[in-house]
Amino acid sequence: MLPQSMLRTCHLLVLMLCVSAIEDFDWTKNDHGSFYYGVFPTGFSWGAGGSAYQTEGAWNVDGKGMSIWDAFAHKKGKIFLNDTGDFSCEGYHKVKDDISLMKDMNLKHYRFSISWPRILPTGIKNENINEKGIKYYDDLINKLLENKITPIVTLYHWDLPQILEEKYRGWQNASMVNLFNDFANLCFERFGNRVRHWITFNNPWSIAVEGYETGEHAPGLKLRGVGAYKAAHHIIKAHAKVWHTYDTQWRNKQKGLVGISLSGDWGEPVDISNQRDIEAAERYVQFYMGWFATPLFNGDYPQVMKDYIGRKSAQQGLGASRLPVFTAQEKSYIRGTCDFLGIGHFTTRYITQKNYPSGRGNSYFTDRDLAELVDPRWPDPGSEWLYSVPWGFRRLLNFVKKQYGNPMIYVTENGVSEKMMCTDLCDDWRMQYFKDYINEMLKAIKDGVNIKAYTAWSLLDKFEWDEGYSERFGLYYVDFRDKNKPRYPKASVQYYKSIISSNGFPNQRELEIWKGKAIETCSSSNQLLAADPLISHMGMVTEIVVPTMCTLSILLSAVFLMFLLRRRL
């Protein structure tokens, strides 16, 4: 019997062969509108991003403390192929190299996160400040500025100090509000004279739901129906406290902005003439992005969340709603604590009404009373959840404009992955994704949406959480088999660089030229990768040959089975 890892490798190769065989994939079938040629406003900022745990490596170097992701990834069976972020891209040791890549692309900003346990190993400011960790971020910020690249800094991209998880149960405990504020205040103190754009939390939906509801992510708790709501409640209060700290202590001196980055898929009604589907689709967005955005802009949770969770809690015989309640004072304190709204967007779902009886138990997912569907024609070259549906991006951006009074928006994450074992730097699907999604963003600006910046996700291939290194979002390919973790440009680097240079899409002829140049670039990069040292080359050969042998075994088995059947006949 084949090992589990080899079976999955075979499955991945079969998927790759299927995708490769469909040469006439129609990426525009669900465009819901023609392509718009035009340019972005003067001063629009183009960038790329990454996060500490996903890219830095150096997990126990220079006094860094352990994070919940260090602990989680070191447990067997939590991450695909038991990968970890221990070394990842070795970004901790390659600051100059990576900034040179950014400079070559003419990036105007780079989004990265500060590892809380790297500068506060125990998570507590009064116990131990790790000056070596401070120096690493000092150097990174200084080198970015020397190269005229604006740092956009995320304070929390999921790597909570492990000690705080063990001592307080992490975001289940209200103590996190003050502890996170102390950490943020230290960052303002040490880096705020050079950093003007701060993001408190990245995608708190994932922190809450995948960390404390499903357990797919660190810290891996499955507190169904209550854990996600409690974690989110404390995260929202922590964000507000940090915003007020900056507002009262630092804003006048440093002149910066404090926002948050919320992820949000768009939800489209299955039947646009069916009122129940229309309401279910809006409920999907409110339970996703609105869960966090509505308190920050309006002071309280979306009414539909309060109604649905409250009713189901009562039906389950609970004395109070599983959704926590903000006091009148807290509502006032939280409202208006967002100088800009970061939006991470990747995909869209069709939504229809589906009733879940309260007797089926507590769950964030059943609380919503809806079902998510996808169109089988939507392209999905990588992550199983990520389908290319560009028109949903424009709709989400217009929803934010209407729902929250047209706030200043920074697109903080947008990109697509590939999930294949064989190396291919000619990522035409990523070029098409960027072209279509960025064009929908341009249409949204034409609609009057106040978008100031776009961040391609991501600069580098990196550790992808529970999927390990099996999925690649990077503009640059990282050879993880090589201890030096060399970077190679994919075709999308040249294509994105052309969009930046033109500040948009000048005309059809120009876009055709861009694609031709990008293909030339990736062909050269493929030659460089193939000419790598022997050990790296052998790694690539192994990566290709093993699944090929696996596929051959499957084919031989099928032939043998057919032979037996024919003999019986």
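For every chain, the first residue of the written sequence is number 1, and numbering continues from 1 along that sequence. The model is predicted, so local features are restricted to residues of pLDDT at least 70 and side-chain atom pairs to those at 80 or more, both for listing and for counting; the totals for chains, interfaces and linings are taken over all residues. Note that water and hydrogens are dropped before the side-chain values are worked out from all heavy atoms of the structure.

Okay, the overall build of the protein chain next. The number of helices and strands found in the protein chain is 20 helices and 15 strands. Sequence separation of 24 or more characterises 77% of the internal contacts of the protein chain that already satisfy a separation of 6 or more. Every accessible area reported is derived by Shrake-Rupley at a probe size of 1.4 Å, with residue values counting cover from the shown protein chains alone. When the accessible area of the protein chain is evaluated, it comes to approximately 23300 Å², of which 53% is carbon and sulfur surface. In this description a helix means any DSSP run of H or I spanning at least four residues, a strand means any run of E spanning at least two, and both kinds are numbered starting from the N terminus. Should any heavy atoms of two residues lie within 4.5 Å, those residues are considered in contact.

Under this scheme, a helix contributes an axis fitted over its contacting stretch, all axes are lines through C-alpha atoms, and angles between N-to-C directions fall in the 0 to 180 degree range. Running from amino to carboxyl end, helix α8 (residues 175–191) crosses helix α10 (residues 227–249) at an angle of 35°, the nearest separation of the two axes being 9 Å. For the element pair α8 and α10, the recorded crossing hand is right-handed. Of the residues in α10, those in contact with Val 177, Asn 178, Phe 180, Asn 181, Ala 184, Asn 185 and Phe 188 of α8 are His 234, Lys 237, Ala 238, Lys 241, Val 242, Thr 245, Tyr 246 and Gln 249. Each residue gets one label: Ala, Val, Leu, Ile, Met, Phe, Trp, Tyr, Cys and Pro are nonpolar, Asp, Glu, Lys and Arg are charged, and the others, such as Gly, are polar. Grouping the amino acids of the contact of α8 with α10 by side-chain chemistry returns 7 nonpolar, 6 polar and 2 charged. Handedness of each helix crossing follows the sense of rotation of the near helix against the far helix: counterclockwise by less than a right angle gives left-handed, clockwise gives right-handed.

Before going further, it helps to examine the state of the cysteines. Disulfide: a pair of cysteine sulfur atoms within 2.5 Å of each other. Evaluation of the coordinates by the stated rule reveals 1 disulfide. What pairs with Cys 426 in a disulfide is Cys 522, and their sulfur atoms sit 2.0 Å apart. Linking Cys 426 and Cys 522, the disulfide has an S-S dihedral of approximately 95° and is accordingly described as right-handed. Taken together, the residues span a long stretch of sequence, with Cys 426 in the loop between β11 (409–414) and α17 (428–446) and Cys 522 in helix α19 (residues 508–530) at a distance of 96 residues. For the residue pair Cys 426 and Cys 522, the accessibility class agrees, reading buried in each case. Throughout, exposure labels follow a simple rule: accessible area from a 1.4 Å probe, protein chains only, divided by the maximum for the residue type, with under 20% read as buried, over 50% as exposed, and the rest as partly exposed.

A few words now on the sheet that holds strand β9 (residues 348–353). Ordered by their spatial adjacency, 3 strands build an open sheet running β7-β9-β10, and the pairing between neighbours is mixed. Of all strands in the sheet, those bounded by a partner on one side alone are β7 (266–269) and β10 (370–373). Looking at each pair of strands side by side, their axes are set apart by 40° on average, direction ignored. Across 4 bridges, β9 lies against β10 in antiparallel orientation. Within the sheet, the bridge partner assigned to Ile 351 lies in β10 and is Glu 372. Running over the sheet, helix α16 (residues 391–404) touches β7 and β9 and is turned about 100° from β7. By the convention used here, strands pair only if DSSP detects at least 2 bridges between them.

If you trace the backbone, Leu 101 turns up in helix α4 (residues 95–105). Taking the relative accessible area as the measure of exposure, Leu 101 reaches 17% and is therefore buried. Counting along the chain gives 392 residues from Leu 101 to Val 493, while the straight-line C-alpha distance between them is 9.6 Å. Leu 101 has contacts with Leu 460, Tyr 476 and Arg 487, leaving out every residue within four places of it along the chain.

Residue count minus one, scaled by 1.5 Å, sets the expected span of a helix. Taking 1.5 Å per residue as the helical rise, helix α12 (residues 275–298) with its 24 residues ought to reach 34 Å, whereas the 26 Å between its terminal C-alpha atoms falls clearly short. Bend at a given residue is defined as the angle between two axes, one fitted to the seven residues that end at that position and one fitted to the seven that begin there. Largest kink in α12: about 70°, centred on Gly 290. Counting buried positions along α12 gives 18 out of 24 residues, so the element sits mostly inside the fold. We call two N or O atoms a polar contact when they sit within 3.5 Å, provided that within protein one can donate a hydrogen and the other can accept it, with sequence-adjacent residues counted only if both atoms are side-chain atoms. Regarding α12, its N-cap is Asn 274, as a side-chain oxygen of that residue lies 2.8 Å from the backbone nitrogen of Arg 276 further along. Looking one or two residues past α12, Gly 299 carries a phi angle of roughly 100°, positive in sign.

Right, let's get into helix α18 (residues 491–502). Between its first and last C-alpha, α18 extends 17 Å over 12 residues, near the 16 Å set by a 1.5 Å rise per residue. Ala 491, Ser 492, Val 493, Tyr 495, Tyr 496, Ser 498, Ile 499 and Ile 500 are the residues of α18 that are buried. Just downstream of α18 lies Asn 503, where phi reads positive at about 55°.

This part covers the pairing of β11. Extensive coverage of β11 is indicated by the burial of 6 of its 6 residues. Summarising the sheet, strand β8 (residues 341–344) and β11 pair through 4 bridges and their orientation is parallel. Bridge pairing links Gly 344 to Glu 413 in β11. Bridge count between β11 and strand β12 (residues 451–456): 4 bridges; the pairing is parallel. Each bridged residue has a counterpart across the sheet, and for Val 411 the counterpart in β12 is Tyr 454.

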